[in-house]
Amino acid sequence: MTAIRTENLTKKFKGITAVNNLNMEIMENELFALLGVNGAGKTTTIKMLSCLIKPSEGDGYIFGKSITKDSYNIKPIINVSPQETAVAPNLTVMENLELIARIYGNDKNSSLVKTKNIIASFGLGEVQKQKAKILSGGYQRRLSIAMALISEPKLLFLDEPTLGLDVLARRELWKVIKKLKENMTIILTTHYLEEAVALSDRIGIMVKGELKIIGTSAEITRKANAANFEDAFIYISESEAV
Amino acid sequence: MKISAFALRNSREILRDKLNLAFGLGFPLIVLLLLSAIQANIPVELFAIDHITPGIAVFGLSFISLFSGMLIAKDRTSSFMLRLYISPMKSSDFILGYTLPLLPMAVMQTIICFIAAIALGLTISMNILLAIIVLIPSAVLFIAIGLLCGSIFNDRQVGGICGALLTNLSAWLSGTWFDLSLVGGTFKKIAELLPFSHAVDAGRAAMAGQFDMIIPHLIWVIGYAAVILVLAIYAFTVKAKSDNK
Ligand SMILES: Nc1ncnc2c1ncn2[C@@H]1O[C@H](COP(=O)(O)OP(=O)(O)OP(=O)(O)O)[C@@H](O)[C@H]1O
Ligand SMILES: [Mg+2]
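Analysis parameters
Residues numbered from 1 in each chain as written. Chains lettered and ligands numbered in written order. Predicted model: local features only at pLDDT ≥ 70, side-chain atom pairs only at ≥ 80, totals over all residues. Heavy atoms only, no water. 1 Å grid on protein atoms, 1.4 Å probe; cavity = no way out; pocket = protein on both sides within 12 Å on 5 of 7 lines; lining within 4 Å. Points joined across faces, edges and corners; volume = space filled by probe spheres on them. Helix = DSSP H or I, 4+ residues; strand = E, 2+ residues; numbered from the N terminus. Nonpolar A, V, L, I, M, F, W, Y, C, P; charged D, E, K, R; others polar. Donors = N, O, S within 2.8 Å, 3.2 Å for Na, K, Ca; no water. Buried < 20%, exposed > 50% of the residue type's maximum accessible area, 1.4 Å probe, protein only. Contact = heavy atoms within 4.5 Å. Buried area = accessible area lost by both parts, 1.4 Å probe. Salt bridge = Lys/Arg side-chain N within 4 Å of Asp/Glu carboxyl O. Polar contact = N/O pair within 3.5 Å; in protein donor to acceptor, adjacent residues only side chain to side chain. Pairing = 2+ DSSP bridges. Near = heavy atom within 4 Å. Areas by Shrake-Rupley, 256 points an atom, 1.4 Å probe, with all protein chains shown as cover. Patch = residues over 30% accessible without salt bridge, like charges linked within 9 Å, V, L, I, M, F, W, Y side chains within 5 Å. pLDDT = per-residue confidence, 0-100. Arc of directions from axis to C-beta.

Asks: Describe empty space enclosed by the protein, listing the residues and the values that go with them.
Replies: Residue and element names in this part refer to chain B. Here the structure, examined in full by the defined rule, presents one cavity of 30 Å³ or more. Taken together, Gly-24, Leu-25, Pro-28, Leu-29, Ile-56, Ala-57, Gly-60, Gln-109, Thr-110, Ile-112 and Cys-113 make up the full set of residues lining the largest cavity. Residue assignment for the lining of the largest cavity shows that the elements contributing at least two residues are helix 2 (18-41), helix 3 (49-76) and helix 5 (91-119). Here the residues of the lining of the largest cavity are counted per class, giving seven nonpolar, four polar and no charged.

Listed below in structure tokens is the structure:
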């Protein structure tokens, strides 16, 4: 089944086109990495697909439902870990997680069970009673990602999830993501290319709002006639820059 | 489910801010003590405890606007809000989630104000209960003002408008500090066109047992509360959309 399909998806802000005529199709349970240099349009694409902002032109479909007309039915089955850490500062780690679980329709008991499970798999146990605002940046980040996962979405957007995590936490998160992708569709953005290569089934590279190429890392490297994926990424990103 | 979870979060955010508590409870109580100290030395009818308490209660409620306005203004620009906008929460969930926890807080604040007044010599009678009930529309009014300001302004502006302007308006234009008819003229007319003096007068009428005087004053408060609440809902919904454009 198709998880995401976009038709000429476009977003224009005053004076600039952040996302231009995006056409892509992502399958269910695929892990798709959306790459591109700063300002390429990754976050804007995620904001449109998660029904946060309206496209200027075109449309997108999440499991067949239109993001412009049917957001009501899309919202319960998706979740996002925003690029910027997004936690309620005066709530504890547990309270933050329970809040999100309940907003997505879980009752008190199942919220608590899910909270405990996710605290265990994210190594948040030792800080679970602490207020989010006093956590270190990396712990806040982990909490923010955990809050996206607790609703058990069918489609998950991870916007630069590993930003600010130490090497150990990053590898831990990789493990979590690998396990998740068995029964979840994941769209991931990152500036760590080796992360995209290690985790994703397919990669798309955006340059100035346009999706330039889609394929596995091997396919992209071959098409760009490059020695490795990083060279291919640089070649594609620069060749289009004017 | 959604509403109660969000409401719980909002009351935690407000109550865990010690400064909120200090201002919301401390300020009105200090003023109450101050005025009754003045009253003890130079008795003025205006500052008689039965007369002054409803005014102090209304003054205290203006801090509720500050809390709700600050919370919403801060939320609106935070990435945490992004997460809530992405979630299945509807506009009505947001509005109710912000309003509902504030109402019991406002009523509690009013009750504490009256208990302090009793300690200072307020005549104990059933009229106290009535006065507290009569002040509930005022609580809604101030919550709505907070919602509106929080939806339109940023947190620093809310601090200025609700924290400085509104608390002063509700103090000076409510007839708590001085008898409005002593000043008279345009000042009195403006005060009578605004809801604050009516809120206080409705409370005073309840305290004095002049029951037929309550409704004429209360109508002003309820009218203002309804209009501002509608404006606030509109502003929040529109602003929520444009914040993400
Ligand atoms: N609200 C906005 N108003 C105006 N321009 C915007 C807005 N949001 C994004 N843009 C612009 O759209 C373009 C794409 O931004 P976007 O955040 O999607 O990039 P990105 O690929 O996520 O970059 P990064 O890797 O830095 O996160 C940028 O030029 C940015 O300045
Ligand atoms: Mg981005």
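Let us keep going from here.
Asks: Account for the coordination of the magnesium ion (ligand 2), with residues named and values stated.
Replies: Residues and elements named next belong to chain A. Only Thr-43 (OG1) and Gln-83 (OE1) from the protein reach the magnesium ion (ligand 2) as donors, at distances of 1.9 to 2.1 Å. With Thr-43 in helix 1 (residues 42-49) and Gln-83 in the loop between strand 7 (78-81) and helix 3 (93-103), this residue pair connects regions lying 40 residues apart in the sequence. Given a relative accessible area of 31%, Gln-83 falls into the partly exposed group.

Asks: I'd love a proper account of the interface of chain A and chain B, names of residues and values included.
Replies: Across the contact, 32 residues belong to chain A and 22 residues belong to chain B. Carbon and sulfur atoms make up 64% of the surface buried where chain A meets chain B, a total of about 2,500 Å² over both sides. The interface formed by chain A and chain B includes two salt bridges. Ionic pairing is found between Arg16(B) and Glu95(A), a salt bridge with its closest N-O pair at 2.8 Å. For the pair chain A and chain B, the number of links is nine residue pairs in polar contact (both at pLDDT 80 or more). Among the elements of the structure, strand 7, helix 3 and helix 5 (137-149) of chain A are those that each provide at least two residues to the side of chain A that touches chain B. Class assignment for the residues of the side of chain A that touches chain B results in 18 nonpolar, eight polar and six charged.

Asks: Please provide a residue-by-residue account of the pairing of strand 10 (residues 202-207) of chain A, values included.
Replies: Residue and element names in this part refer to chain A. With respect to burial, strand 10 is a largely interior element, five of its six residues being buried. In the sheet, strand 4 (residues 31-35) pairs with strand 10 via four bridges, with the strands oriented parallel. Residue pairing across strands places Phe-32 opposite Arg-202, the latter belonging to strand 10. Pairing geometry for strand 10 and strand 11 (residues 210-215), over five bridges, is antiparallel.

Asks: Please set out the site of ligand 1 residue by residue, giving values where relevant.
Replies: Neighbouring residues of ligand 1: 15 residues in total, closest Gly39(A), Lys42(A), Thr43(A), Thr44(A) and His191(A). Near ligand 1, the surrounding residues belong to chains A and B. A distance of 2.8 Å separates an oxygen atom of ligand 1 from a polar atom in the backbone of Gly39(A). The separation between an oxygen atom of ligand 1 and a polar main-chain atom of Ala40(A) is 3.2 Å. Contact with the protein chains covers 65% of the free accessible surface of ligand 1, which is 640 Å². Those elements giving two or more residues to the shell around ligand 1 turn out to be strand 2 (16-22) and helix 1 of chain A. Among the elements that make up the shell around ligand 1, the one with the highest residue count is helix 1 of chain A (three residues). In terms of residue class, the shell around ligand 1 is made up of five nonpolar, seven polar and three charged.

Asks: Tell me about a nonpolar patch on the surface, residues and numbers included.
Replies: Residue and element names in this part refer to chain B. On the surface, Leu-19, Phe-23 and Phe-27 cluster together into a nonpolar patch covering about 290 Å² of accessible area. Along the chain, Phe-23 turns up in helix 2. Residue Phe-23 is classed as partly exposed on the basis of its relative accessible area of 35%.

Asks: Any chance you could break down the confidence of the model for chain B for me, citing the residues and the numbers?
Replies: All names here are of chain B. Across chain B, pLDDT averages 88, with 98% of residues at or above 70. Confidence, expressed as mean pLDDT per element, reaches its minimum in chain B at helix 9 (residues 180-183) with 80 and its maximum at helix 6 (residues 126-134) with 94. The ipTM value of the predicted complex is 0.90, and its pTM value is 0.87.

Asks: Summarise helix 6 of chain B; cite the residues concerned and give the values.
Replies: Residue and element names in this part refer to chain B. Among the residues making up helix 6, those that are buried are Asn-127, Ile-128, Ala-131, Ile-132 and Val-134. Seen from one end, helix 6 has its buried residues packed into an arc of 160°, which puts them on one side. Of the exposed residues in helix 6, those oriented more than 90 degrees away from the buried face are Met-126 and Ile-133. One side-chain oxygen of the residue at the start of helix 6 lies 3.1 Å from the amide nitrogen of Asn-127, identifying that residue as Ser-125.

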